[in-house]
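Structural overview
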Amino acid sequence: MRRYAEEIIGSGISKKWSKIDKVNITTVDEASLTDVLKIYSQNFPNRSEKKLIRYSQIFPNIFYVIQYNGKSVGYCSYYIQPTLSLRKIKRSAVIFSVAVDRDFSRKGFGEALLRESIKELKVNRIESIWLFVNAENNAAIGLYKKIGFESTDIIENMYGEGKNGCKMRLLLN
Ligand SMILES: CC(C)(COP(=O)(O)OP(=O)(O)OC[C@H]1O[C@@H](n2cnc3c(N)ncnc32)[C@H](O)[C@@H]1OP(=O)(O)O)[C@@H](O)C(=O)NCCC(=O)NCCS
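Counting of residues starts from 1 at the beginning of each chain's written sequence and follows it residue by residue. Where local features are concerned, this predicted model is filtered to residues with pLDDT of at least 70; where side-chain atom pairs are given and counted, the filter is 80 or more; whole-chain, interface and lining totals use all residues. To get the side-chain values, all heavy atoms of the structure are used, and hydrogens and water are removed first.

1. So, the domain arrangement of the protein chain
In plain terms, the rule: Delimitation of the domains relies on an automatic or database domain assignment. We call two residues in contact when some of their heavy atoms are within 4.5 Å. By buried area we mean the combined loss of accessible area, with a 1.4 Å probe, across both parts when two parts are placed together. We define a salt bridge as a side-chain nitrogen of Lys or Arg found within 4 Å of a carboxyl oxygen belonging to Asp or Glu. In protein, a polar contact means a hydrogen-donor-capable atom and an acceptor-capable atom, both N or O and within 3.5 Å, with residues adjacent in sequence counting only if both atoms are side-chain atoms; elsewhere, any N or O pair within 3.5 Å suffices. Helix numbers and strand numbers start at the N terminus; a helix is a DSSP run of H or I with at least 4 residues, a strand a run of E with at least 2. Gly is put with the polar residues, along with every residue not named as nonpolar or charged; the nonpolar set is Ala, Val, Leu, Ile, Met, Phe, Trp, Tyr, Cys and Pro, and the charged set is Asp, Glu, Lys and Arg.
As assigned here, the protein chain comprises domain 1 (2–126) and domain 2 (128–173). Using only C-alpha atoms to locate each centre, domain 1 and domain 2 end up separated by 17 Å. In this complex, domain 1 contributes 16 residues to the contact, which on the side of domain 2 involves 12 residues. Of the roughly 1,200 Å² buried where domain 1 meets domain 2, counting both sides, 67% is carbon and sulfur surface. One salt bridge in this structure joins E111 and K146, with 2.9 Å as the shortest N-O distance. Connecting domain 1 to domain 2 are five residue pairs in polar contact (both at pLDDT 80 or more). Within the residue set of the side of domain 1 that touches domain 2, elements represented by two or more residues are β4 (88–100) and α4 (109–123). Of the residues forming the side of domain 1 that touches domain 2, the biggest block, seven residues, is contributed by α4. When grouped by side-chain class, the residues that make up the side of domain 1 that touches domain 2 number nine nonpolar, two polar and five charged.

Following this line, the structure appears as structure tokens:
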């Protein structure tokens, strides 16, 4: 119930969204979603795509896709997590999923996606960004640390027996 209310408020915030100019980065649409789902299943073969599709529908303005030569080669999908503090709503964003097509990895697409989307989140008064990542995922952790994220918690067995999760945060002000 609480998650549902947060989703409605978060989705409302993301509808009144100010966009900034971004090079080769668009937001998801029907055509790019097909490519995004291929990248998702290539990188997360055992996970359902249901939630990603849902976020493309309720948070389309914060579902970023990066293009190269007319092809979608990576995406970063966020949702907004509103929290009530001192009688005002604080705006945090959570990275739901980020991935780059393996044929285009290590060419700076992941970094560009994050840097550009974060600039836009800042313009829209998002105060912090959170994410969870498998503690063994060195590529993703390397990327997040390069951007400035710091680890705040280790969640034991989050991804299965002996597979810990790492909670990370980036403060934007
Ligand atoms: C994580 C991911 C999105 C990075 O995208 P990318 O476009 O390949 O990364 P970039 O080229 O932008 O690299 C930026 C930085 O990330 C880090 N990085 C990226 N790939 C790395 C690797 N294989 N090993 C270690 N660090 C890596 C480095 O710090 C790199 O900076 P550098 O090139 O100056 O060393 C990509 O590897 C991916 O799609 N992984 C599978 C999906 C996934 O795990 N998503 C995260 C779930 S939480």
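So that's the structure; there's more coming.
2. Notes on the pairing of strand β2 (residues 63–68)
The two faces of a sheet get side chains in turn, since along a regular strand they alternate between them. Filter applied, for reference: Exposure is judged per residue with a 1.4 Å probe applied to protein chains only, and the accessible area is read against the type maximum: over 50% gives exposed, under 20% gives buried, and values in between give partly exposed. The pairing criterion is simple: DSSP has to find at least two bridges between the two strands.
The element β2 is largely enclosed, with a buried count of five among its six residues. Looking at chain direction, strand β1 (residues 25–27) and β2 are connected through three bridges and run antiparallel. Counterpart to I25 in the pairing with β2 is I66. As paired elements, β2 and strand β3 (residues 71–85) share six bridges and run antiparallel to each other. Bridge pairing in β3 places F63 opposite S77.

3. Side note on the packing of helix α2 (residues 30–43) against helix α3 (residues 50–58)
The following threshold applies: Axis definition: a line fitted to C-alpha atoms, over the contacting stretch in the case of helices. Angles run 0 to 180 degrees between N-to-C directions. In these notes the angle categories are as follows: under 35 degrees is roughly parallel, over 145 is roughly antiparallel, 65 to 115 is roughly perpendicular, and the rest is oblique. Here a crossing is called left-handed whenever its near helix is offset anticlockwise from the far helix by less than a right angle, and right-handed whenever the offset is clockwise.
As a packed pair, α2 and α3 sit with axes 11 Å apart at the nearest point and diverge in direction by 150°. Looking at the two axes, α2 sits roughly antiparallel to α3. For the crossing formed where α2 meets α3, the hand is right-handed. Each of L33, V36, L37 and Y40 in α2 lies in contact with α3, whose residues at this interface are L52, I53 and S56. Of the residues belonging to the contact of α2 with α3, the class tally is six nonpolar, one polar and no charged.

4. Concerning the sheet that holds β4
Spatially, the seven strands line up as an open sheet ordered β1-β2-β3-β4-β5-β7-β6, and their pairing is mixed. A strand with exactly one partner marks an edge of an open sheet, and here the two such strands are β1 and β6 (150–155). Adjacent strand axes in the sheet meet at a mean angle of 30°, parallel and antiparallel pairs treated alike. For β4 and strand β5 (residues 128–134), the ladder comprises three bridges, and the chain directions are parallel. Paired with S92 across the strands is S128, a residue of β5.

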